[in-house]
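# Structural overview
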Amino acid sequence: MSRKEGSGSLRVGIIHPDLGIGGAERLVVDAALGLQKLGHSVEIITSHHDPNHSFEETNDGSLTVVHIPSRLHLLFVLLGRLYYKAGPEDWHDVYIVDQLSACVPLLRWLTGKRVVFYVHFPDKLLATGKEATLSGRTAPNSLKGVLKMLYRLPADWIEEKTTGYADVLLANSKFTAQVFKHSFRSIVRSPEVVYPGINLDAYDVPAPGLDALESPLIGSSRKTFLSLNRFERKKNTALAIEAFAELKRRTATTSSGGVRLVIGGGYDPRVKDNIDTLQHLISICNQHSLSYDIVPNQTSPPPPRPASPPAPDTIDILFILNFTTVQRQYLLRSPTTLCLLYTPGNEHFGIGPVEGMACGLPVVACTSGGPTESLVDISTNRSEGVAWLRDPDPALWANALQEVLALPPSDREALAVRAKKRARDLFSMEQMAKSFETALYRATDMGVVDDAPLRIRNLRMAIGLLVMILWLKMNGMDLLGGPAALILILIVAMMSLRRSS
């Protein structure tokens, strides 16, 4: 029988590999805050946390974050924390794991605690460059993808098997749940859908003053199209620039100089994809003779700005790296912001459109993935529509941008009311937190884990772990580094022998 809501507080451990700036990280932060508000004790355990590249709630004391230096790697230090820093009575009651499933079986077996796994997207699809569809057919989109798929077969098998050990499976959208079922056919359970939620009250505030923005380039009286995504090639931010360039071409004989495109998001100078993506976007600006500038914020080292930066009121494209909370609030709440451009295709869910709705903004997004669940297309449902869902074609997106520009004030106000209501009804942080709480109670009601093979297998299990670790390292899923792997094998072997005696 399931425990009733509010029948007891839990000590919850949330394991997330890189606590940076992104939709997945925003979800982890909001889930932790929501569970705390419901009376639970929450600790986020992560292998990377940079105060200059993370959400403020992870730095201002709102949340307890256990930052594990990257050299020690997540799983090894987590186990050390469990076995050497505290007794079993001080461990968490239950765990939430997302993104990396490899630690799920060991976490269950070594702690005896249940694990809730929150599915974003199968890693084997992300790592091989495959295109996922709701029909379940996937195909590598390059020769490199085919070779990597073959090379990754053992790691993909491990991902599927370790995911199956989770006691409760959750997914961030129906789209993700269906792709999961088609990708992991040996797992008979279907993930339950828990939509990411946001703190709606944080968006229902006036735009901050210009003096709080830390850069004179951000505040502007010009009409603004806004795109918020990490600087990653898969986010397809190039689509926004191409559509904006097409819009500029069409309106060259009219007053188009009063419109700009602001592109903001997480940027990590350690990550080659981030660096390459920004350079690619700049090259598209140059190709279309669009002026641009960069606000680096605290990014170190900062990427170079244009040799001759344009005047602020003539900038076509403004890149904002690692925006602050105040900058983000200003861009979303400013009366000059016309709409949010959400460019990823086949996105697992996409928190950006929900943030746009919460601020009363129209959204332009692709006709695939999570946005088809979170948004209603105004072209097919005028009375409830809050967005323009279009195929990823710059010409089609330019059409949508023209329609947004032409919206009468009364229609814009009516759309804003509909958008805010939809966000509050379906995607509040409170609703998400209660759904997580229900899943956590269901997991803990299963009792102590009693299927741990460590009780009956000793050195064979240790060797199997070593093989798994080597495969994960070879395929870019580095959970253990250097001598830490061998130390863990010895620990598991000794514990196994002890428990078997």
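Treat the numbers as computed from the prediction; the structure is a model and nothing was measured. (Residues numbered from 1 in each chain as written. Predicted model: local features only at pLDDT ≥ 70, side-chain atom pairs only at ≥ 80, totals over all residues. Heavy atoms only, no water.)

## Brief notes about the confidence of the model for the protein
Under the convention used in this document: Confidence scores per residue from the predictor, reported as pLDDT, run from 0 to 100. Should any heavy atoms of two residues lie within 4.5 Å, those residues are considered in contact.
Of the residues in the protein, 78% have a pLDDT of 70 or more, and the chain-wide mean is 83. Counting contacts from residues 493-501, a segment whose pLDDT is below 50, to residues more than four positions away or on other chains yields 15 contacts.

## Details of the sheet that holds strand 3 (residues 64-67)
Threshold: DSSP bridges decide pairing: two strands pair if at least two such bridges lie between them. Put simply, DSSP H or I for four residues or longer makes a helix, DSSP E for two residues or longer makes a strand, and each gets a number counted from the N terminus.
Pairing is parallel across the open sheet formed by seven strands, whose spatial order is 3-2-1-4-5-8-9. With one partner strand each, in any of the chains shown, strand 3 and strand 9 (192-193) form the two edges of the open sheet. The pairing of strand 1 (residues 11-15) with strand 2 (residues 41-46) spans five bridges and is classified as parallel. Bridge pairing links Ile15 to Ile45 in strand 2.

## Notes on a nonpolar patch on the surface
In plain terms, the rule: Each patch is built from salt-bridge-free residues with over 30% relative accessible area, joining like charges within 9 Å and nonpolar side chains (Val, Leu, Ile, Met, Phe, Trp, Tyr) within 5 Å. Surface accessibility in these figures is a Shrake-Rupley result with a 1.4 Å probe; residues are shielded only by whichever protein chains are displayed. The salt bridge definition used is simple: a Lys or Arg side-chain nitrogen within 4 Å of an Asp or Glu carboxyl oxygen.
Residues Leu143, Val146, Leu147, Leu150 and Leu153 make up a contiguous nonpolar surface patch of roughly 480 Å² in combined accessible area. Top contributing element to the nonpolar patch by residue count: helix 5 (residues 143-151), with four residues. Counting through the fold element by element, Leu153 comes out in helix 6 (residues 153-164).

## Examining the pairing of strand 13 (residues 317-321)
Selection criterion: Burial classes follow relative accessibility: with a 1.4 Å probe on protein chains only, a residue under 20% of its type's maximum area counts as buried, one over 50% as exposed, and anything between as partly exposed.
When you tally the buried positions in strand 13, you get five out of five residues, the bulk of the element. Burial along strand 13 is two-sided: Ile317, Phe319 and Leu321 facing one way and Leu318 and Ile320 facing the other are all buried. Sheet topology places strand 11 (residues 259-265) next to strand 13; five bridges connect them, and they run parallel. The partner of Ile263 across the bridge, within strand 13, is Phe319. As defined by bridge partners, strand 12 (residues 292-295) adjoins strand 13 across four bridges and the pair is classed as parallel. Residue pairing across strands places Ile294 opposite Phe319, the latter belonging to strand 13.

## A few points about the packing of aromatic side chains
The following threshold applies: Between rings of Phe, Tyr and Trp, where Trp is taken as its six-membered ring, a pair exists when centres lie within 6.5 Å; planes separated by under 30 degrees are stacked, by over 60 edge-to-face, and by other angles tilted. A ring is considered to have a charge above it if a Lys NZ or an Arg CZ atom is located within 6 Å of its centre and within 35 degrees of its normal.
Across all of its chains, the model carries nine aromatic pairs by this definition. Both rings, one in Tyr118 and one in Phe436, keep their centres 5.3 Å apart while their planes meet at 40 degrees; by these two values the pair is tilted. Here the residue Tyr118 occupies a position in strand 5 (residues 114-119), and Phe436 occupies one in helix 15 (residues 429-444), the gap between them amounting to 318 residues. As far as burial versus exposure is concerned, Tyr118 and Phe436 are alike and both buried. Judged by centre distance (6.4 Å) and plane angle (55 degrees), the rings of Phe231 and Phe319 are tilted. On the criterion of sequence distance, the pair formed by Phe231 in the loop between strand 10 (223-228) and helix 8 (238-250) and Phe319 in strand 13 is long-range, its members being 88 residues apart. Considered together, Phe231 and Phe319 belong to a single accessibility category, that of buried residues. Above the plane of the ring of Phe55 lies Arg26, whose end atom (NZ or CZ) is 4.6 Å from the centre.

## Considerations on the packing of helix 8 against helix 13 (residues 394-405)
To be explicit about the condition: The angle between two axes is taken between their N-to-C directions and runs from 0 to 180 degrees, where each axis is a line fitted to C-alpha atoms and a helix contributes only its stretch in contact. Helix crossings fall into two classes, left-handed where the near helix is turned counterclockwise from the far one by less than a right angle and right-handed where it is turned clockwise. Amino acids are sorted into nonpolar (Ala, Val, Leu, Ile, Met, Phe, Trp, Tyr, Cys and Pro), charged (Asp, Glu, Lys and Arg) and polar (every other residue, Gly among them).
The geometry of helix 8 relative to helix 13 is characterised by a closest axis approach of 8 Å and an angle of 65 degrees between their N-to-C directions. As for how helix 8 packs across helix 13, the hand of that crossing is right-handed. Contacts between helix 8 and helix 13 pair Leu239, Glu242, Ala243, Phe244, Glu246, Leu247 and Arg250 from the former with Pro394, Ala395, Trp397, Ala398, Asn399, Leu401, Gln402 and Leu405 from the latter. For the contact of helix 8 with helix 13, the per-class residue count stands at 10 nonpolar, two polar and three charged.

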